[in-house]
Structures are given as C-alpha cells and as structure tokens.
Amino acid sequence: MAGVNRRPLLERLGKEWLFFDGGTGTILQEKGLQGGELPERWNLTRPEDIIDLHCGYLRAGCDIFNTNTFGANALKFPDEGELRAIVEAAVSLAQEARRRTGRGDAYIALDIGPTGRLLEPLGDLPFERAVDLFGQVVRIGAAAGADLVLIETMSDSYESKAAVLAAKENCDLPVLITNVYDGSGKLLTGGTVASTVAMLEGLRVDGLGVNCGMGPEQMIPIVQQLVETASVPVLVNPNAGLPRSENGRTVYDVDPETFAVWMKKIAAMGVQAVGGCCGTTPDHIRRTVEAVRNLPFIPVSRKHRTVVSSYSQAVEIGKKPLIIGERINPTGKKKFKEALRDNNIEYILEEGLRQEDSGAHILDVNVGLPEIDEPRMMETVVTRLQSILALPLQIDTSDPAAMERGMRLYNGKPMVNSVNGKRESLESVLPLVAKYGGVVVGLTLDEGGIPETADGRIEIAKKIYRAADRFGVPREDVVIDALAMTISSDTKGALVTLETLRRVRDELGGHTILGVSNISFGLPERSVINAHFLTMAMQMGLSCAIMNPGNEDMILAYRAFLALSDMDPQCMGYIDTCANIVRRPASANISGGAGTAAGDAAAAPGTLAAVPEGTAGGRANAGAPGLPGAAGGKNQDKSGAMSLAESIRRGMGQKAAEAASALLAEGLPALELINRELIPALDVVGKGFEKGTIFLPQLLMSAEAAKAAFEVIKETMRDEKREARGRIILATVKGDIHDIGKNIVKVMLENYGYDILDLGKDVAPETIVETAQREKIRLVGLSALMTTTVVSMEETIRQLREKKPDTRVVVGGAVMTQEYADSIGADCYAPDAMATVHYAEEVFG
Amino acid sequence: MIETDKREVYRYLGYRKNMPDEAVVRLVDECLKDLQEAVTPRYIFREYPIQSVYPAGGSAAQIPVLRIAGMEISSRSLMRNLRGCESVYLMGTTLGLGPDRLIARASVKHMSRAVILQAAAAAMIEAWTDRVNGEIIQAAAAKGLYCRPRFSPGYGDFPLEFQEDLARILRLQKEIGVSLTESMLMMPSKSVTAVVGLSREKAGCVLHGCEECTKSQDCAFARNKV
C-alpha cells in the first residue's frame, strides 16, 4: 500500500485545512443495518458495504476517515479472536478504499467510541479496566496500519482520560479527541469546555474538539469557547441538525447545502479541521470541503494560561490570588494520622468538604505516613474526593509512586506538589507532568539546600524552568514556591521570600505559591503574623496561598486584599465572608491560639462556621412534636441550655456537643456520660422508630447529634482506649452501587459503640471473606438493592460459610425478605437499621 | 424547575399518613432546592410500531411474544398493558449525575440529609418523567391516539434485562447520558425507562400508577396503603 504521497499527519494538522468524514450509522442503516445489529460485525460479513462507505467520503474530499470500530471493544465483543478480526478487517477495508479511490494521501483514523459504561466510583467500570479495554483495540489497530487514533463522542471526561492514556501508552500515532457537549455547553457528566481542554492538553493530545449531540448551528457557542481556550488544533464534527424520530428511525434534517453554509461560518471562527457526524453524508462533506477549502486558514494560537481542572471546573492561576486548602495533611495532626491508619476515609473527606465550604479554590492532598501504603491511599482519597467535590486537587507527596497513582487516577488536570531543583527530583517528577499533565510546584531549593538570598532562589527557579522545557513541560505549567521560613529563627526570612515573589513575577513572568503559615512557627498569635504576611505576599504577586481556609484572620486578610485591589466587584466577596464569620469573644483571643502547631488550629470556636452544623437539626428551634418525653437525667443545666438527652432526641448536633462538654466540665466521667445519658437517649429514639412514632430522618438526625456528642467525649478519652463492643464488616455486594442503606446501618451501629469496617459498595465476595479472616470478624452485614445483585449476596455467604464458618451474616436491602434471606442462607434478616443493632447486640452479647 | 410533590417525598421517607415535624419539613425543602440546582434533566422518546404479536411456539406457558423495535418480549403484564395498541413510545428520562453526587456528598457526614435527598430525588424523577409523559400524551393526541400508562422493565413480569435493549435502541448513553452497570442498574440512578402504548381506544389511567404494578401488594411505598 506504501503511502506514496502521504506526509505525516502532524506536518499538516494545524497548518492547513483538513476534513473529516461524515456519519456512519445513517449510511449503514440505508444499506440495511438492523436496529439490534452491531455495525462493527459488518467488517466481516459485509466488507464491500464498508469499503463503499469509505469510498464515498474519500471521493467527497475528506482527508481523515474513520475505521468502522466505534463500538469495537471487549465489552461488546468478549471473544478476543472476533474483536481482533473486526479491528484488523476495519483497517484493511479502509486501506482498500484508499487504494480504490487513489487517495493514498488520506489518513486512516482508528475510531474509538465510549464503552457505554460509567466509570467508578459513580459507575461500576474501574478506570484501569477502561484503559485496558481501549488499549487492546489501539494495539490491534495500530499494528494493522492505522495512521492516527480518533477518540470521539466522549461524554465523560474521566473516560476520555482513560482512552487518551490507552492510546498514548499503546502506540506512537497522533491522538485526536472530540467530545459531546450539550446545549448548556457541558459534557453529560458536567465538564465544561475549559475543564475538558485543560485536561486533554495536559495529556498532550494532538487535536481536540466537539462532535455529535447537535447540529452546526447549535454548536457555535461551544466552538467559540474552544477556539478561545485551546492551544492545539480544534476539530468540529456536527450532526446534520437535531435528531427527529420518524417511524422508529432517527432522521436529521439539515441538507448538505445548508450544512456547508454553517460549516463555513464555523471554519472562519478559527478552527483547524471540520467534518460531520450523525446524519451527514458524502454530499454534506463534499459541500463543506468546497465551501471551506479556499477560506484563509487561521492556525491555532498558544494561550499560555496556567490552568488546573476537576471533572467540572477549570481554575486559572495568575488572574487573582487563589487559596489552596492545606488541611488534608497528617503533619502535626494526631487525629488525621489515626484516620489514615484506620483507613477512615470519611474523616479525610470531611476535611475536604469543610474547606470547599470555607472558600478554598484548590485542595492539597497529602496522605503520607511511613506505616501506610501511600500510593494506594493516594488513589483511594483522590478518587473519593473527586466523586463528591468539584474543586481541583493538588497531589502532594514526595513518593513518586504515590504521585503517579494520584495523577493517573485524577479526573482532570491536577496541581502537583512538588518538584525542586535537585536533579533526582527534576528527573522523577517532570516526566510524570509531561505524561499526565499538571501544574507543578517548583520549590526553590536544590542539592545546596535553601538559598538564603533571593538571587539564589531565582537561580533555582530558572533552573527548574529550563528543566521543565527539556522534559516538554511548558513554562506556564510551573508555579514557583518562594519558600516561607519562620522569622523566629531568621528575621530576614520574610523579606527574602517576598523579594523572590516579586522577581519571579517581574523578571521571570511566572506564577508563585507559598505555604504561608510556615512564616510564624514558634511565635504566639500565629494567625496575626500569617494574615499580615499573606497580604504582603499577595502585594508582591503571590498567585497561590497554601493555607487553612477556615482560619478567620487569614481569610479576612485575603478578602480584604481582593477588595482593596479591585478584584472583588462591589466588595461582595468581602461582605459575604464577614457575614459568615462568627467572631470569637475577645477573651478567647488572648487565651487561645498560642502554641498550636502549624496551622493546626482545628475548627475551634473562632474559625469560620463553614458547615451548617447538623443541617436542619442545628436550626430547629421549635420543639419536635410527637417525641417521647424526657427520659431521666438532667434536662436543663444552669445556663438554661438544652440537656444532652433532649438535644439528641431532637437531633440537634451543636446543642448535643455543647451539653456534653458542659457535663464533662462539671466533672461527670466520660463513661458515665455515655451510659447514663447518651445511650438511653438513643434507645428512646430507637424504640420510637420501631413503634412507628419516629421516622427515619429523625432517627438519623438523633444519631448524628449523638455522634457530635461522642466526638466531644472522645477528646477527653484520648489516652484511655474505649473498648469497642465488637467489630463488624459492612458491605454492599458485588454488582450493586447503591449504598445508602448500608450507610444508614453504619451510622446506627457506630452510635451503639461498634467498630465498623466499611468495605464500600460493589465489593467482591473474596474481599469480604479475606477481610473477615484477616480481621477475625464475627459479624458481617451485607446489603443488596436489587434481585439481580442478591446473587452476589448468596455467593458471598457461600464463600464465608466455606472459609470462615463462625462468622454470622445479617442481610438487608430493598428486595430482601425473611424468606429470601433464609433461602440464601443468611443468619438474620434485618428489615431496618435498628434490627441490625439488635442483632449485633445478640451476637456480641 | 421541576414541580415535585412533597407528599411523595414524605411517603418515600416512610411517613405514610403522618406529617413530618418542622425540622424534617424544612430539611426536605432545603434538599429539594439543592436538587433543583444540581439536576440536569434530560429525556428522549421515540415511536416504534409493535411489529407483531405471536404465540410462543410450543411452550406450555403460551405467553405471547411481543416484537417491538427488534426486541422480543414475552410478558403477560406488558401484554395486558398494551392491549389494543398498534405502536409504542419508548422513553428514557434522567435527572443527571447531580443528585448522585449530592447524595454521595451528604453520606460522608449527614446520613439524615442523604436519606432525604434520596427520597426527594426519587419524587423528582417521577415528576420529571410525568412531565415528559405529558408531552408524549400530547404528541399522541396530535395523531388522534391515546396513551396507556407507562410500563418499565422490572414491572410485573416484564424482565429487567430489557433495560439493555432499551438503552441500545434509544442510545441512552449518547443521547441523555444514562448508562447501565453490569447488573442492569441505571446510572445516573435517578433515571427511568419505559414503554408507553398508543391506541385508538381511550383507556382509564394514562399516567403511571401503583395500581398497575403487581408488586404493589408488598411494596412499602405503595400509594393508598395505610
């Protein structure tokens, strides 16, 4: 076949007009493809029709045409031999079409469509499994002779990332990708043009754009955003209008002539390649080629913006100072370390949510602790955090393996903390940034230590920029850390840091970052120093402040700076922040604070009241009607505050915590408090629930209030170990991703003093059995929502019986009944959370 | 804005005929508001002829087989539902991933909120599906046809496995962002697929209803149950 006159694609893409082909499905339907048929199979059964399809587009003048492999992956074609045959045939049919039309100059794109499944953790397809599925097709297609990989019709950023990585890791061909956006300009899973472009450019795609979903006219706002955002060639492949249904068939109404008129308009907006998608035909493409070919070609311009992204938002660094929340970090935090050791991910997630509510723009994630498997923990925390919050993350670790795990599994373009001027660091970190994309923090230190002068730090900054360039990391993806060191050991320290900031901005035109609170180590009233230093640093051009967004002084300094620098329209940000702050009493200002470790003044009084405590519970002033009366104990303390029992019954977390501390202050021993106040109050609510006078939301609100009180009590018991009443595994079984029922049970069991090993959802039987064996667990609770997943429940029980026969199993879930539970061999059927509590009491005595 | 019936939310929360207390009522209001901001409601429906109905060959059960858009469905309850129909609308609706994210988020610290979000989102997807169903009824009326109550895979003896066919035929993933897990669960979880029969004859109930579902006897959430 020898590509006689075929120049490498990348010599042409972005330098001259290139045209894609049009729709496949519509044409194959005309040729007789049936509704239920898999079109890829035609590569084997109807090869002439496929060649014919390609020839039509090649004769119409397209330069890049797609193999018939959109849905060719192992999920749809589990037989490996068949998949291979289909993909190989697809490429050879394309080659044949090229030969027949004498279009040796045209490029064969190995077409990759979505798997059709949603990735974990919201869906059930593991990220690495998706990478494998795509990788398999890429290897076959590349070996068969495709000229490029075209990933298309992707509506999820995470799956896009899996596909791009698979392409990059399994071949050396150019990789192009187009996504589906909806009328609101977003991907179906929430990504914006800006967030998607940031991630894909980070992954070093050779071109990106939009296809399918809508017609050319509706696509214009998205194209506009693409050309304003992208630094790589922009590709636009619309449908022939919006779909319409006619006798069970999907039809598209925009005719070739009208389509070409719109495509001409789109081409003139500054895109570099155009073609069509569903409903477009060779005629649409021919007209488009004619209309666009002679327009002046505008190459794409590099935007040089420093951007990080999450699945749904892009955050630009350098426009105005940003706050990077520092609280997800075990340094100097005993409870955080405990959480890491106990695999208590919820604790870490709570820190994340709290900082998001306090106004952080990016969250630093550091889970390094010598005794844990850091890469694995990084993976878990990153994937869990990104499924519940929309802030971009900063992967913070000195372990390259953990760094790579975090960057790979991250759904977006992360910030990476950090590289420094040491050769070893540059050589291990920069290649990761070049592969996965990211904005990397460059610490101004090297083999010679931390320079004492700004000159020295600027030299290292330059060295880092040079190395980045060598590894293919653009300058704008480096942010220089000028290093803040405590002024208590060297009083010139702050000035050197500030001067470094200024010179990075003025002389190097770069962006900067600082761990702000380091400046005040060893001094009293640290947050005063921190706040003032923050202001000075921002004045010198600081782009990112790593700090505790819950620290009132610092957040006010930040807001004040924005207001004073004309970066806060109508001062609304400042005013809102003030409105949300609960000012601490003057006396606390003097007694508290001093001596706490680095930025570790946890959310104590005087910090931002970020999360509305206990949601409605905290605000419910009126008595809850229908609740049983007081159950002994003190109802009112001297100050008129609500009693502990009463606040638990009414589900008021803040009040419960206050009441618990008041009782402790009076000298009531912690254990007595639990046994005489807390548990009886919970029992009252539990009984009400069983009688049907109290309903699930109230039961849980009471449980949460009790938990708030527990937290206070635990503080005083730090050193005496409170014996758990028993350890229980909870899991939602394999195949099931709805875990709300399991989570309800968990809250209740924890309240009653049980230690819960929460294995999560979609958990394989083997994992449950292994954990039960390893941890010597006597009780396992399993939940399943649907009949289709009860099968996994049965299998789990079977394996447990075989390998750990002394473990009891309690089951629950929407479809479960006593009869059903008996038939699969469970020891107990629990219709609700309280029933599980009772069964646990029975098992553990 | 999707108008959601709060009584439905209370019903899903298990209140039956009781009225929740003030704190819960307020929390329900808050959750509905949060959901309203988080949802990205989408829908698709397409009309397909009922290609044929024929008795299953040789089987003792003698359940007729319905052919719609290439699917071959043998289900007594769907047959009953589609009696007198010549075509159907296949429909898919979803609230998007927003509610799933909100619920996952609330589950970290406030299960009470998670449970209420769950109930509120369930009521909201019903309301959204009713609205889309309303459009279908209008589209049918324009052709002089009457709709039957919508019927979903998993209702009665209409096997859940047909989720897969509906997803493929309606291209749910591409069109409205709904995908299936290996065990046939829809993600986003607040999504509905259904068959709506079209007939020249008028029938009683045109919207959905528990009365149509054979599982309503042992369903804790069924309407009109004490």
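How each quantity is defined
- Residues numbered from 1 in each chain as written.
- Chains lettered and ligands numbered in written order.
- Predicted model: local features only at pLDDT ≥ 70, side-chain atom pairs only at ≥ 80, totals over all residues.
- Heavy atoms only, no water.
- Helix = DSSP H or I, 4+ residues; strand = E, 2+ residues; numbered from the N terminus.
- Rg over C-alpha atoms; globule rule 2.2 N^0.38 Å.
- Buried < 20%, exposed > 50% of the residue type's maximum accessible area, 1.4 Å probe, protein only.
- Contact = heavy atoms within 4.5 Å.
- Areas by Shrake-Rupley, 256 points an atom, 1.4 Å probe, with all protein chains shown as cover.
- Phe/Tyr/Trp six-rings, centres within 6.5 Å; stacked < 30°, edge-to-face > 60°.
- Patch = residues over 30% accessible without salt bridge, like charges linked within 9 Å, V, L, I, M, F, W, Y side chains within 5 Å.
- Salt bridge = Lys/Arg side-chain N within 4 Å of Asp/Glu carboxyl O.
- pLDDT = per-residue confidence, 0-100.
- Core = buried A, V, L, I, M, F, W, Y, C linked by side-chain atoms within 4.5 Å.
- Domains from an automatic or database assignment.
- Buried area = accessible area lost by both parts, 1.4 Å probe.
- Polar contact = N/O pair within 3.5 Å; in protein donor to acceptor, adjacent residues only side chain to side chain.
- Nonpolar A, V, L, I, M, F, W, Y, C, P; charged D, E, K, R; others polar.
- Pairing = 2+ DSSP bridges.
- Axes fitted to C-alpha atoms, helices over the stretch in contact; angles between N-to-C directions.

## Some words on the overall build of chain A
Consideration 1: What chain A contains, in helices and strands, is 32 helices and 25 strands.
Consideration 2: The C-alpha atoms of chain A give 30 Å as radius of gyration, which agrees with the globular expectation for 845 residues (28 Å, within 12%).
Consideration 3: Reported as C-alpha extents along the three principal axes, the dimensions of chain A are approximately 95 × 75 × 45 Å.
Consideration 4: The burial tally for chain A puts 58% of its 845 residues in the buried class.
Consideration 5: Counted over contacts in chain A with a minimum sequence separation of 6, partners at least 24 positions apart contribute 75%.
Consideration 6: For chain A, the exposed area adds up to about 32,800 Å²; of that, 51% sits on carbon and sulfur atoms.

## A closer look at the packing of aromatic side chains
Residue and element names in this part refer to chain A.
Consideration 1: Per the stated rule, a full pass over the model turns up 11 aromatic pairs over all chains.
Consideration 2: Centroid distance tyrosine 754 to phenylalanine 844: 5.7 Å. Interplanar angle 45°. Geometry classified as tilted. Of the two residues, tyrosine 754 is situated in the loop between α28 (740-751) and β22 (755-758) and phenylalanine 844 in helix α32 (residues 833-844); the sequence distance between them amounts to 90 residues.
Consideration 3: Under the relative-accessibility criterion, tyrosine 754 is labelled buried at 4%.
Consideration 4: The buried category is assigned to phenylalanine 844, whose relative accessible area is 16%.

## Quick word on a nonpolar patch on the surface
All names here are of chain A.
Consideration 1: The grouping of Met572, Tyr574 and Ile575 at the surface amounts to a nonpolar patch, some 260 Å² of accessible area in total.
Consideration 2: With respect to the helices and strands, the residue tyrosine 574 is situated in helix α21 (residues 572-580).
Consideration 3: Exposure remark for tyrosine 574: the relative accessible area of 31% places this residue in the partly exposed category.

## What to know about the confidence of the model for chain A
Should pLDDT be low for a region, the predicted coordinates there are not to be read in detail.
Consideration 1: Overall, the predicted model of chain A reaches an average pLDDT of 90, with 92% of residues at or above 70.
Consideration 2: Segment residues 584-640 of chain A is flagged for pLDDT under 50; beyond a separation of four residues in sequence, or across chains, it makes 99 contacts in the model.

## Quick word on the nonpolar core
Consideration 1: Core analysis: the largest hydrophobic core is formed by 158 residues, its most contacted members being Ile151, Leu208, Val236, Leu514, Leu534 and Leu542 of chain A.
Consideration 2: Sort the elements by how many residues they give to this core and helix α6 (residues 127-144) of chain A lands first, with eight residues.
Consideration 3: Among the domains, domain 1 (9-292) and domain 2 (306-550) of chain A are the pair contributing at least three residues each to this core.
Consideration 4: Residue contacts for isoleucine 151 of chain A: discarding those within four places in its chain leaves Ile112, Ala163, Val164, Ala167, Val175, Leu176, Ile177 and Thr178 of chain A.
Consideration 5: Counting 96 residues, the second-largest nonpolar core is a separate cluster that includes Leu664, Met701 and Ala835 of chain A together with Ala194 of chain B.

## Concerning the interface of chain B and chain A
Interface size is commonly expressed as the accessible area that is lost once the parts come together.
Consideration 1: Contact residues are listed per partner, giving 48 residues for chain B and 63 residues for chain A.
Consideration 2: Three residues, Arg101, Arg105 and Val108 of chain B, lead the burial of chain B against chain A; their summed loss comes to 15% of the area buried on that side.
Consideration 3: Run the count over chain B and chain A and you get five salt bridges.
Consideration 4: Between aspartate 357 of chain A and arginine 105 of chain B there is a salt bridge, with the nearest N and O atoms lying 3.7 Å from each other.
Consideration 5: Seen at the junction of chain B and chain A, the total is 12 residue pairs in polar contact (both at pLDDT 80 or more).
Consideration 6: Sorting the residues of the side of chain B that touches chain A by element identifies α2 (22-38), β1 (42-55), α4 (98-109), α5 (111-142), α7 (172-176) and β6 (179-180) of chain B as the ones contributing at least two each.
Consideration 7: Tallied by class, the residues present in the side of chain B that touches chain A amount to 19 nonpolar, 12 polar and 17 charged.

## Thoughts on the sheet that holds strand β17 (residues 439-443) of chain A
All names here are of chain A.
Consideration 1: Taken in spatial order, the eight strands line up as β13-β14-β15-β16-β17-β18-β19-β20 and close into a barrel, and their pairing is parallel. Across this sheet, the average inter-strand angle for adjacent strands is 30°, counted without regard to direction.
Consideration 2: Across three bridges, the pairing between strand β14 (residues 362-365) and strand β15 (residues 393-396) is parallel. Opposite leucine 363, over in β15, you have leucine 393 as the bridge partner.

## So, the sheet that holds strand β6 (residues 207-211) of chain A
Residue and element names in this part refer to chain A.
Consideration 1: With parallel pairing, the eight strands of this open sheet are ordered in space as β1-β10-β7-β6-β5-β4-β3-β2. Every interior strand has two partners, whereas the edge strands, β1 (18-19) and β2 (64-66), have only one.
Consideration 2: Contacts between α6 and the sheet are confined to β3 (107-112) and β4 (148-154), with β3 contributing the most and set at about 160° to the helix.

## Looking at the pattern of salt bridges
Consideration 1: By the definition in use, this model includes 70 salt bridges over all chains.
Consideration 2: The shortest N-O distance in the salt bridge between arginine 676 of chain A and glutamate 672 of chain A comes to 2.6 Å. On the criterion of helical spacing, the pair formed by arginine 676 of chain A and glutamate 672 of chain A is a turn pair, its members being four residues apart in helix α26 (residues 670-691).
Consideration 3: Residue aspartate 29 of chain B is joined to lysine 6 of chain B by a salt bridge in which the shortest nitrogen-to-oxygen separation is 3.0 Å.

## Description of the environment of alanine 127 of chain B
Consideration 1: Inspection of the secondary structure puts alanine 127 of chain B in helix α5.
Consideration 2: In this structure the C-alpha to C-alpha distance between alanine 127 of chain B and glutamate 8 of chain B, which are 119 residues apart in sequence, comes to 9.7 Å.

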